[in-house]
Amino acid sequence: MGNPVAVVNAGSSTVKFSLLNGERRVFDALLDRLGSTSANGACASLRDAQGAPLFQGPIPADNHEDALIWLFDWLARARDGCKPAAVGHRVVHGGDGLTRPVKVTGEIIEKIEALIPLAPLHQPHNLAPIRLLAAKFPDIPQVACFDTAFHASQSAVERRFALPREYEAAGIRRYGFHGLSYEYVAARLAEIDPCAADGRTIVCHLGNGASLCAMKNGRSVATTMSFTALDGIPMGTRCGAIDPGVLLHLMTRPGMDAATLSDLLYKRSGLLGLSGLSGDMRDLLASDRPEAAEAVEYFCYRIAREIGSLTAALGGLDALVFTAGIGEHAAPVRARICELSTWLGVAIDPAAYPILHTPDSRIHVLVVSTDEEAMIARHVRRTLGLPQGSPRSL
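As the structure is a prediction and not an experimental result, all values here were calculated from the model.

What counts and what doesn't
- Residues numbered from 1 in each chain as written.
- Predicted model: local features only at pLDDT ≥ 70, side-chain atom pairs only at ≥ 80, totals over all residues.
- Heavy atoms only, no water.
- Helix = DSSP H or I, 4+ residues; strand = E, 2+ residues; numbered from the N terminus.
- Buried < 20%, exposed > 50% of the residue type's maximum accessible area, 1.4 Å probe, protein only.
- Polar contact = N/O pair within 3.5 Å; in protein donor to acceptor, adjacent residues only side chain to side chain.
- Contact = heavy atoms within 4.5 Å.
- Phe/Tyr/Trp six-rings, centres within 6.5 Å; stacked < 30°, edge-to-face > 60°.
- Pairing = 2+ DSSP bridges.
- Axes fitted to C-alpha atoms, helices over the stretch in contact; angles between N-to-C directions.
- Core = buried A, V, L, I, M, F, W, Y, C linked by side-chain atoms within 4.5 Å.

1. Digging into the side chain of Arg173
Turning to step 1, where the next piece is worked out: With respect to the helices and strands, the residue Arg173 is situated in the loop between α5 (165–169) and α6 (179–192).
Turning to step 2, where the next piece is worked out: A relative accessible area of 16% means that Arg173 is categorised as buried.
Turning to step 3, where the next piece is worked out: A polar atom in the side chain of Arg173 sits 2.7 Å from the backbone oxygen of Glu168.
Turning to step 4, where the next piece is worked out: In this structure Arg173 touches Asp96, Arg159, Phe161, Glu168, Ser226 and Phe227, once residues within four positions along its chain are discounted.

This is the structure:
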């Protein structure tokens with residue numbers, strides 16, 4: 001297996017871990033239920049390059065650090081002393097100063113830590129593995145890759161809120177997220193559809209977390225998420241854009257403190273709140289309940305509205321791209337969004353894949369699989385001057 005690059009994506013209760021030779025996966029791990037009070041405790045699922053299970057079951061870990069130590073020990077024992085040549089990390093927020101991948105140093109860790117107030121639900125979990133690996137394996141170089149960085153190309157007008165200037169100076173502005181996914185898709189478009197890569201393209205990253213990005217010549221012009229990953233279109237459990245007056249009103253209700261309001265907006269809204277059934281699009285598409293159908297329609301309608309808005313930001317539209325879990329796999333959702341966008345000249349064959357547009361469509365419509373881990377591995381190798389290795393097969 002050599003010395004592949006490791007990619008770490010740490011969430012609130014999970015760590016996703018991959019080893020890649022070039023952009024080819026050789027190993028994947030999901031460390032789950034970390035910090036859980038469940039009687040079942042933490043668990044791990046490890047798979048090889050073909051997806052065959054290598055380990056499935058409980059692990060002796062109470063937190064992210066314990067779980068990663070267990071995983072590195074398992075790799076050393078079970079994979080002939082395998083040790084990554086380097087580690088890349090997905091870090092949600094880079095603010096205005098960290099707008100490209102950087103090698104991790106003590107100074108960089110301090111800068112990432114200083115951004116915790118801008119992403120308190122994500123940044124501490126992104127930092128935990130960085131600190132652990134720096135202490136336990138100081139000889140392994142680490143690279144931090146920021147989800148906000150891709151959107152740094154946006155204009156000052158696009159990023160600004162209509163608030164007094166001192167708030168913008170304090171960092172209150174639109175940052176945008178899912179940048180590593182958008183960057184990967186932009187690179188893939190250069191390989192498979194030069195028209196989309198060089199023109200005016202809207203990419204729909206539709207998963208449990210969802211956003212849209214308007215790109216011109218492969219650079220971000222506008223995106224639906226802004227100061228937080230809560231803004232924009234509705235998501236699995238997040239509400240998306242909402243009148244701030246609603247929030248002010250809710251805050252006057254008894255018991256509606258900041259923590260309760262945050263839980264409502266992040267965990268009990270979106271498709272889950274609308275349907276009363278599930279935040280998973282697969283469940284909603286399989287259900288015959290009218291509330292499920294209404295939630296799907298709302299999701300599609302709000303996306304179609306944002307496509308109109310982003311088309312205005314681009315001054316026209318040449319291509320529409322779907323990616324991520326829903327975008328890649330939920331054909332009825334793609335078809336409905338395209339049906340609501342026929343005024344733009346969108347025409348698709350619902351049975352086609354991955355090139356969806358018909359010959360008479362004025363807009364190219366494609367499905368492009370995203371791969372944030374491959375994008376991070378590419379950044380790690382470029383940042384550290386390592387050979388890129390085997391490319392992803394087209």
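2. Things to note about the packing of aromatic side chains
Turning to step 1, where the next piece is worked out: For the coordinates displayed, the defined rule picks out six aromatic pairs.
Turning to step 2, where the next piece is worked out: For the ring pair Phe17 and Phe72, a centre distance of 5.8 Å and an interplane angle of 80° mean the geometry is edge-to-face. Of this pair, Phe17 sits in strand β2 (residues 15–21) while Phe72 sits in helix α1 (residues 64–78), and the two are 55 residues apart along the sequence.
Turning to step 3, where the next piece is worked out: Taking relative accessible area as the criterion, Phe17 reaches 1% and is therefore assigned buried.
Turning to step 4, where the next piece is worked out: When its relative accessible area of 7% is taken as the criterion, Phe72 is described as buried.
Turning to step 5, where the next piece is worked out: Ring centres of Tyr175 and Phe227 lie 6.4 Å apart, and the angle between their planes is 40°; on these two criteria the pair is classed as tilted.

3. Topic: the pairing of strand β9 (residues 200–206)
Turning to step 1, where the next piece is worked out: The element β9 is extensively covered by neighbouring structure, given that six of its seven residues are classed as buried.
Turning to step 2, where the next piece is worked out: Joining the antiparallel neighbours β9 and strand β10 (residues 210–216) is a turn of three residues.
Turning to step 3, where the next piece is worked out: Bridge count between β9 and strand β12 (residues 319–323): five bridges; the pairing is parallel. Note that in β12 the partner of Cys204 across the bridge is Phe322.

4. Considering the sheet that holds β10
Turning to step 1, where the next piece is worked out: One open sheet holds the five strands; their spatial order is β11-β10-β9-β12-β13, and the pairing between them is mixed. Of all the strands in the sheet, just β11 (219–223) and β13 (364–367) have a single pairing partner and so form its edges. Taking each pair of neighbouring strands and ignoring which way they run, the sheet shows an average axis angle of 25°.

5. Some remarks on the sheet that holds strand β7 (residues 102–103)
Turning to step 1, where the next piece is worked out: The eight strands are arranged β5-β4-β3-β2-β1-β6-β8-β7 in an open sheet whose pairing can be described as mixed. Where the open sheet ends on each side, the last strands, each with one partner, are β5 (53–58) and β7.
Turning to step 2, where the next piece is worked out: Relative to β5, strand β4 (residues 43–48) runs antiparallel, the two sharing five bridges. Looking across to β5, one finds that Cys43 is bridged to Pro58.
Turning to step 3, where the next piece is worked out: Strands β1 (5–10), β6 (86–91) and β8 (142–146) of the sheet are contacted by helix α3 (residues 123–136), whose axis makes an angle of about 165° with β6.
Turning to step 4, where the next piece is worked out: Here helix α15 (residues 372–384) sits on the sheet in contact with β1, β2, β3 (24–32), β6, β7 and β8, set at roughly 125° to β6.

6. A word on the side chain of His64
Turning to step 1, where the next piece is worked out: As for its position among the elements, His64 is in helix α1.
Turning to step 2, where the next piece is worked out: Overall, the relative accessible area of 8% leaves His64 in the buried class.
Turning to step 3, where the next piece is worked out: In this structure the side chain of His64 is engaged in a polar contact, spanning 2.7 Å, whose partner is the backbone oxygen of Gly11.
Turning to step 4, where the next piece is worked out: What His64 contacts, discounting residues up to four positions off in sequence, is Ala10, Gly11, Ser12, Ser13, Thr14, Val15, Leu34 and His125.

7. Remarks on the nonpolar core
As a rule of thumb, soluble globular proteins bury nonpolar side chains together.
Turning to step 1, where the next piece is worked out: Ranked by size, the top nonpolar core spans 41 residues in total, and within it Ile202, Leu206, Leu212, Ile307, Leu320, Phe322 and Val333 carry the most contacts.
Turning to step 2, where the next piece is worked out: Listing elements by their share of this core, those giving two or more residues are β9, β10, α11 (281–286), α12 (290–314), β12, α14 (331–339) and β13.
Turning to step 3, where the next piece is worked out: Counting residues per element, this core draws most heavily on α12, which supplies nine residues.
Turning to step 4, where the next piece is worked out: With 29 residues, the next largest nonpolar core counts Ala6, Val26, Ala67 and Leu71 among its residues.

8. As for unusual backbone geometry
Turning to step 1, where the next piece is worked out: The residue after Tyr353, namely Pro354, is reached through a cis peptide bond having omega 5°.
Turning to step 2, where the next piece is worked out: By secondary structure assignment, the location of Pro354 is in the loop between α14 and β13.
Turning to step 3, where the next piece is worked out: Phi at Asn217 is positive, roughly 55°, even though this residue is not glycine.
Turning to step 4, where the next piece is worked out: Positionally, Asn217 belongs in the loop between β10 and β11.

9. Thoughts on the pairing of β11
Turning to step 1, where the next piece is worked out: The pairing of β10 with β11 spans four bridges and is classified as antiparallel. By the bridge assignment, Lys216 is partnered in β11 with Arg219.
Turning to step 2, where the next piece is worked out: Between β10 and β11, which follow one another and run antiparallel, lie two residues, and Asn217 among them has a positive phi close to 55°.

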